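Structure assessment
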Amino acid sequence: MTERTLILVKPDGVARGLSGEVLARIERKGYVLEGVELVNATAEQLAAHYAEHEGKPFYQPLVDFMSSGPVLAVIASGDGVIAGFRSLAGTTDPTTAAPGTIRGDLGRDWGEKVQKNIVHGSDSVESAEREIAIWFPGR
Ligand code: CMP
């Protein structure tokens, strides 16, 4: 089914110059870029985006990290893009994410409280539409 997903290149990915690499992998897979914008995330955007993680030990380090520099917000579309991009991204922990994935190829443990894992991708149709509204109001 044709669907949309919300992808973020997180501040570590942007700072390391990996935005183009991530966009290229999305396009090489055959997905379509519907929106791309460099954003300095507001506290309100991050509170909404990470609402499900509030109260967890990594929540505040995560919000601080996501505020530490610009993120690249992306809407991508295509059949199965939600699961497809999460497969491209690899599992959450970059140390053990499979080689061939964005996190497996480009990420590592930097010895910090937060997992700097380069990208975020929505995990369901509901999350995608909720997250698109946060990062691209009106889309
Ligand atoms: P993501 O899956 O995009 O959204 C939640 C983020 O929280 C996740 O990426 C990681 O960046 C971070 N995260 C998840 N679990 C942990 C953890 N156990 N320790 C530190 N950071 C985490």
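Residues numbered from 1 in each chain as written. Predicted model: local features only at pLDDT ≥ 70, side-chain atom pairs only at ≥ 80, totals over all residues.

1. Quick notes on the sheet that holds strand β3 (residues 71-79)
Each strand in a sheet pairs with its neighbour through backbone hydrogen bonds, running either in the same direction (parallel) or in the opposite one (antiparallel). Reading across from one edge, β2-β3-β1-β4 is the order of the four strands in this open sheet, with antiparallel pairing throughout. Whereas interior strands pair on both sides, the edge strands pair on one side only; in this sheet they are β2 (32-39) and β4 (119-121). On average, each strand axis in the sheet is tilted by 20 degrees relative to the strand beside it, whichever way the strands run. As judged from the eight bridges shared by strand β1 (residues 2-9) and β3, these two strands associate in the antiparallel manner. Counted as the bridge partner of I7 is V74 from β3. The strands touched by helix α5 (residues 81-89) are β1, β3 and β4; relative to β1, the strand with the most contacts, the crossing angle is about 35 degrees. (Pairing = 2+ DSSP bridges. Helix = DSSP H or I, 4+ residues; strand = E, 2+ residues; numbered from the N terminus. Axes fitted to C-alpha atoms, helices over the stretch in contact; angles between N-to-C directions. Contact = placed C-beta atoms within 7 Å.)

2. Description of the UniProt feature "domain: Nucleoside diphosphate kinase-like" (unreviewed entry) in the chain
Within the UniProt annotation, "domain: Nucleoside diphosphate kinase-like" (unreviewed entry) is assigned to residues 2-139. With 40% helix and 20% strand, the stretch residues 2-139 has end C-alpha atoms that lie 16 Å from each other. (UniProt positions renumbered as here; feature names shortened; annotations may be inferred.)

3. As for the environment of S68
Topologically, S68 is positioned in the loop between α4 (59-66) and β3. Residue classification places S68 among the partly exposed residues on the basis of 15 C-beta atoms within 10 Å. Sequence separation between S68 and F136 is 68 residues, and the spatial gap between their C-alpha atoms is 20 Å. (Buried ≥ 20, exposed ≤ 12 C-beta atoms within 10 Å, placed from the backbone.)

4. Some details on the UniProt feature "binding site: ATP" (unreviewed entry) in the chain
Within this structure's numbering, the places UniProt gives as "binding site: ATP" (unreviewed entry) are K10, F58, R86, T92, R103 and N117. With respect to the helices, strands and loops of the structure, T92 is situated in the loop between α5 and α6 (102-106). Residue contacts for T92: discarding those within four places in its chain leaves Q115 and N117. Summarising the element assignment, R103 is placed in helix α6. Residues contacting R103, with those up to four places away along its chain left out, are A89, G90, T91, P94, A97, N117 and I118.

5. Some details on the nonpolar core
If you look at the biggest cluster of nonpolar residues, it comprises 29 residues, and the most contacted ones within it are V9, A76, F85 and V119. Only β1, α2 (19-28), α4, β3, α5, α6 and α7 (125-135) provide two or more residues apiece to this core. For this core, the element with the most residues is β3, which contributes six residues. Setting aside its immediate chain neighbours within four residues, V119 contacts I7, L8, V9, K10, G13, V22, A89 and I102. (Core = buried A, V, L, I, M, F, W, Y, C linked by C-beta atoms within 7 Å.)

6. Quick look at the environment of Y31
Note on placement: Y31 falls in the loop between α2 and β2. If sequence neighbours within four positions are ignored, Y31 has contacts with I26, A76, S77, G78, V81 and G84.

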